[in-house]
Amino acid sequence: MVRMQYTTYTLYPIGALSARSAAQPREGVLLRGDNGGYACLQCWPELGDSPLEYELDALRDGSPLRLGARALQCIELDGEARSRGVSLFDGLTVPKSHATLTVSATPSQVYNLHQRGFRVGKIKVIPKLDATVERLVNLASMVPDWKWRIDFNCTLTPAEALQFWEMLPDAMKQRIDFVEDPCYYSVESWQSLQDAGMPLGYDLPVPGEVRIPRCTSKPMMRLVKPARHHSTSGLPVFTSNMDHPLGQCWAAYNAAKFYTGKPEAEVPLCGLVTHHVYRPNAFSERMGMDITPNFPLPGGTGLGFDDLLEALPWKTL
């Protein structure tokens, strides 16, 4: 049996966070182990996660599911650092981030992010092709030097994904860094998208995932969420799970650890600065809401937030 405590939290999005997620409050828990370490556990059932209650029940039974197992790893490392009175970020450099945009992002928001130093935007889009293409071109016109990462969350059919690419103006195609999960993966459909010139990235778990990079003729960008994934290879884009700032720091630590010692020119822009997609709370305010591509460390031991975490109402799991 796993001995730990938990406390619940609610995050309030400023807009829809994906094509599959409405702008509804997101529920999660923070966990505290008997070693003094902390972790975040937030599920996205609409994207394939088990419900939060299932994850918590599995932790109680000592047989953690995917997200729970990663949370336990976070607790172990965070607790060890806190016991030594050091930050997990000591000696590490967190990769810079792209601008994370909600489904309802406006031209003024994009321009504001440009003024703050962002030069790449990742935007969640909906499977309404005419409206999505028009909106992308409109937003891109505000920031002519930006590159774009587009995430459909597998809401298109293969035919629709190809249609989307064909509808984009050639000038816009040249500004696409990658299209993430346009449709559910198959070798045939994703090869046809590559043949049409679409640069691809993948995030959602799919059958035979480890074989994906070797199954089509061109490389694809791997998106890694440390809340879900334990390890990886190549040069992936690390992103947060769009979860609590503590979970955001866990993602940032994993990205920094992975890229330690690698040439700066090889480190891709990641997606770690995401607390601004929710209404401010004490934790996000500690990180600062005046966001830039640089990850804002909260200070403290382990992953940080020492005093804020200690003051929360903890209950036995």
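For the structure itself, look to the data block above.
Counting from 1, residues in each chain are numbered in the order their sequence is written. Thresholds applied to this predicted model are a pLDDT of at least 70 for local features of residues and 80 or more for the giving and counting of side-chain atom pairs; totals over whole chains, interfaces and linings are not thresholded and use all residues. Excluded from the side-chain calculation are hydrogens and water; included are all heavy atoms of the structure.

Asks: Teacher, can you tell me more about the side chain of Asp78 here?
Replies: Structurally, Asp78 is set in helix α2 (residues 66–84). A 1.4 Å probe rolled over the protein chains alone gives each residue an accessible area, and that area as a share of the maximum for its type sets the label: buried under 20%, exposed over 50%, partly exposed in between. Taking relative accessible area as the criterion, Asp78 reaches 0% and is therefore assigned buried. Within polar-contact distance, the side chain of Asp78 engages the side chain of Arg82 at 2.6 Å. A 3.5 Å cut-off defines polar contacts: any pair of N or O atoms within that distance qualifies, except that in protein one atom must be a possible hydrogen donor and the other a possible acceptor, and neighbouring residues in sequence count only when both atoms are side-chain atoms. Within polar-contact distance, the side chain of Asp78 engages the backbone nitrogen of Leu303 at 2.7 Å. Should any heavy atoms of two residues lie within 4.5 Å, those residues are considered in contact. Discounting chain neighbours no more than four positions away, the residues touching Asp78 are Gly36, Gly37, Tyr38, Leu88, Gly302 and Leu303. Numbering goes from the N terminus for both helices and strands, where a helix is a DSSP run of H or I of at least four residues and a strand is a run of E of at least two.

Asks: Is there a simple way to explain the nonpolar core in this structure?
Replies: If you look at soluble globular proteins, the nonpolar side chains tend to sit buried side by side. Note on terminology: a nonpolar core comprises buried Ala, Val, Leu, Ile, Met, Phe, Trp, Tyr and Cys residues joined through side-chain atoms within 4.5 Å. Among the nonpolar cores identified, the biggest contains 88 residues, and Leu31, Trp146, Trp148, Phe164, Leu272 and Leu303 are the most heavily contacted of them. Aside from chain neighbours lying at most four places away, what touches Trp148 is Leu101, Val110, Gly121, Ile123, Leu139, Ala140, Val143, Met172, Arg175, Ile176, Asp177 and Phe178.

Asks: How should I be thinking about the pairing of strand β6 (residues 147–151) in this particular structure?
Replies: The two faces of a sheet get side chains in turn, since along a regular strand they alternate between them. Burial analysis of β6 places 4 of its 5 residues in the buried class, the great majority of the element. One bridge is not enough; two strands pair if DSSP finds at least two bridges between them. By the bridge criterion, 5 bridges tie strand β5 (residues 120–124) to β6 in an arrangement that is parallel. In the sheet register, Gly121 faces β6, and the bridge partner there is Trp148. If you view a crossover with the strands going away from you and the path from the first strand over the helix to the second runs clockwise, you call it right-handed. Where the polypeptide runs from β5 across helix α4 (residues 129–142) and back to β6, its parallel neighbour, the crossover connection is right-handed. Looking at chain direction, β6 and strand β7 (residues 176–180) are connected through 4 bridges and run parallel. Note that in β7 the partner of Asp151 across the bridge is Glu180.

Asks: Honestly, the sheet that holds strand β4 (residues 99–101) in this entry has me stumped. Any pointers?
Replies: The strands making up a sheet are joined through hydrogen bonds of the backbone, oriented either antiparallel or parallel. Across the sheet, which stays open at both edges, the 7 strands sit in the order β4-β5-β6-β7-β8-β9-β10 with parallel pairing between neighbours. Each end of this open sheet is capped by a strand with a single partner; those strands are β4 and β10 (237–238).

Asks: Help me out: how do you make sense of the packing of helix α3 (residues 107–115) against α4 in this one?
Replies: Helix packing for two helices is described by the angle between their axes and how far apart those axes are. Between α3 and α4, the shortest axis-to-axis distance is 8 Å and the interhelical angle comes to 35°. The crossing of α3 and α4 is right-handed. Contact with α3, carried on its side by Pro107, Val110 and Tyr111, involves Asn138, Leu139 and Met142 of α4 and no other residues of that element. Polarity classes work like this: nonpolar for Ala, Val, Leu, Ile, Met, Phe, Trp, Tyr, Cys and Pro, charged for Asp, Glu, Lys and Arg, and polar for all others, with Gly in that last group. Of the residues that constitute the contact of α3 with α4, the class distribution is 5 nonpolar, 1 polar and no charged. Axis geometry follows a simple rule: fit a line to the C-alpha atoms, using only the stretch in contact for helices, then measure angles between N-to-C directions, giving values from 0 to 180 degrees. The handedness criterion is simple: a crossing whose near helix is rotated anticlockwise from the far helix by less than a right angle is left-handed, and one whose near helix is rotated clockwise is right-handed.

Asks: What am I meant to see in α3 here?
Replies: Owing to its 3.6 residues per turn, the α-helix brings residues three or four apart onto one side. Val110, Leu113 and His114 are the residues of α3 that are buried. Each buried residue of α3 sits inside an arc of 105° when the element is viewed along its axis, so together they form one side. Turned more than 90 degrees off the buried face of α3, the exposed positions are Ser108 and Gln115. Among the structural elements, β4, α4 and β6 are those in contact with the buried residues of α3. Within two residues after α3, Gly117 carries a phi angle of roughly 110°, on the positive side. For this quantity, the arc is that covered by the directions from the helix axis to the C-beta atoms.

Asks: Whenever I open this one, the sheet that holds strand β3 (residues 38–41) confuses me. Can you help?
Replies: Spatial strand order, β3-β2-β1-β11: 4 strands in an open sheet with antiparallel pairing. The open sheet terminates on both sides in strands that have one partner only, identified here as β3 and β11 (315–316). Relative to β11, strand β1 (residues 4–11) runs antiparallel, the two sharing 2 bridges. Residue pairing for β11: Tyr6 is matched across the bridge by Lys315. Contacting β1, β2 (26–33) and β3, helix α1 (residues 52–60) runs over the sheet at an angle of about 15° to β2.

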